[in-house]
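Breakdown of the fold
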Amino acid sequence: MRPEDILAPTPGGVFCPLGSFHIDPTRPVARALITHAHSDHARAGHGAVLATQETLDLMRLRYGEGFAGATQAIRYGESVNLGGAEITFHPAGHVLGSAQIAVAANGLRVVASGDYKDISDPTCAPFELVRCDVFITEATFALPVFRHGDPNEQIAKLLHSVALFRERAHLVGAYSLGKAQRLIALLRQAGHGAPIYLHGAMEKITSYYAGRGMALGELRAVRGAGKAEFAGTITICPPAALNDVWTRRFPEPVAAFASGWMRVRARARQHGVELPLVISDHADWDGLTATIAATGAGEIWVTHGQEDALVHWCVGRGLNARPLDIVGYGDEDDGGGEAEG
Ligand SMILES: [Zn+2]
Ligand SMILES: [Zn+2]
């Protein structure tokens, strides 16, 4: 049996011929296994969806009840058999509910990582290393220039700025699923007890996280609050809102943006960001290469970003590696877009 008999790359996502399912398909299919709820991976309109309960809940929040014909929830570590393919979901450490999907048959195991990060995040289960023969990795930050460093240092930088400019409002651009809630949790861990304000686009998903017992402290809607109230406070908003007339309701706003891309000064300037915060929900160069090596996989399929550099690194290590040309990933989170799902 070849790896392609277990998972075959197609332009719309990888497909398992044994179990007749796609993983994170970019177009509607009969049966989809979904790694996580970011909109480039989790689309509406599939016949049946298998995913973690959190991913299903988040898809329902975003797309409404009828987002799929049928749904089935699976827990981390639980197995299901589809047409002779043994499927297990393992934590990916990316956002709440995110999973790597392992598909095994005839003693061969292929792992589709989805998006992942290998550092701790108070809002989701930690990344689990899964040994495998073929590892399908993302490559969002797969260039040696991307080293994210310690997120707590970035949080300290933000809090220092808030303490320094007490008359100004701090607006932090963050993706509405995952990054926003992680920022809030990191701020709370750092001892920031003041109310944190939320852009309307953040409210639904953030209250879902809070409902799962996460310590997010007092959160207030921006809507309805007066200008003076925002002095010396932190507001979390979608990145696109930073360049919107919406910012006029804040006193002398300081524009911050939490993203792995903030390592690149030109990116920060391009977004008019005064306070770049290098905080990413994706593995950096060191995280990607260490993870690939640790899986023990002899064959690496690379998707979703800087494929060439990572393929080159793999080949240099004597691994078989190739890019997967799947169009349509990276629309929502750090994967590139400023679009919000
Ligand atoms: Zn993602
Ligand atoms: Zn992605």
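Let us look at the overall build of the chain. Looking only at helices and strands, the chain features eight helices and 19 strands. A principal-axis box enclosing the C-alpha atoms of the chain has dimensions of 65 × 45 × 30 Å. Among the 341 residues that make up the chain, the fraction classed as buried is 57%. In the chain, the proportion of contacts linking residues at least 24 apart, taken out of those at least 6 apart, comes to 61%. Accessible surface for the chain amounts to roughly 13000 Å². Of this, 51% is attributable to carbon and sulfur atoms. Computing the positive centroid from 30 side-chain charges and the negative centroid from 37, the chain places the two 4 Å apart.

Only His41 (NE2), Asp115 (OD) and His304 (NE2) from the protein reach the zinc ion (ligand 2) as donors, at distances of 2.1 to 2.2 Å. All donors of the zinc ion (ligand 2) come from a single chain, and their spacing in sequence reads H-x73-D-x188-H. Separating the zinc ion (ligand 2) and the zinc ion (ligand 1) is a distance of 3.5 Å, and Asp115 donates to both of them. On the criterion of sequence distance, the pair formed by His41 in the loop between β4 (31–33) and β5 (46–51) and His304 in strand β18 (residues 299–305) is long-range, its members being 263 residues apart. Judged by relative accessible area, His41 falls into the buried class, the value being 2%. The exposure class assigned to His304 is buried, which follows from its relative accessible area of 6%.

Here the structure, examined in full by the defined rule, presents 14 salt bridges. Here Asp57 and Arg60 are joined by a salt bridge, their closest N and O atoms 3.4 Å apart. Taken together, the residues Asp57 and Arg60, both in helix α2 (residues 53–63) and three residues apart, mark about one turn of the helix. Through salt bridges that share partners, Lys117, Asp121, Arg182 and Asp281 make up one connected network.

Of all residues in the chain, 97% have pLDDT values of 70 or greater, and the mean over the chain is 94. Contacts for the low-pLDDT stretch residues 336–341, under 50 throughout, to residues beyond four places or in other chains number 21 contacts.

Procedures and definitions
Residues numbered from 1 in each chain as written. Chains lettered and ligands numbered in written order. Predicted model: local features only at pLDDT ≥ 70, side-chain atom pairs only at ≥ 80, totals over all residues. Heavy atoms only, no water. Helix = DSSP H or I, 4+ residues; strand = E, 2+ residues; numbered from the N terminus. Buried < 20%, exposed > 50% of the residue type's maximum accessible area, 1.4 Å probe, protein only. Contact = heavy atoms within 4.5 Å. Areas by Shrake-Rupley, 256 points an atom, 1.4 Å probe, with all protein chains shown as cover. Lys, Arg positive; Asp, Glu negative; His and termini not counted. Charge placed at Lys NZ, Arg CZ, Asp CG, Glu CD. Donors = N, O, S within 2.8 Å, 3.2 Å for Na, K, Ca; no water. Salt bridge = Lys/Arg side-chain N within 4 Å of Asp/Glu carboxyl O. pLDDT = per-residue confidence, 0-100.

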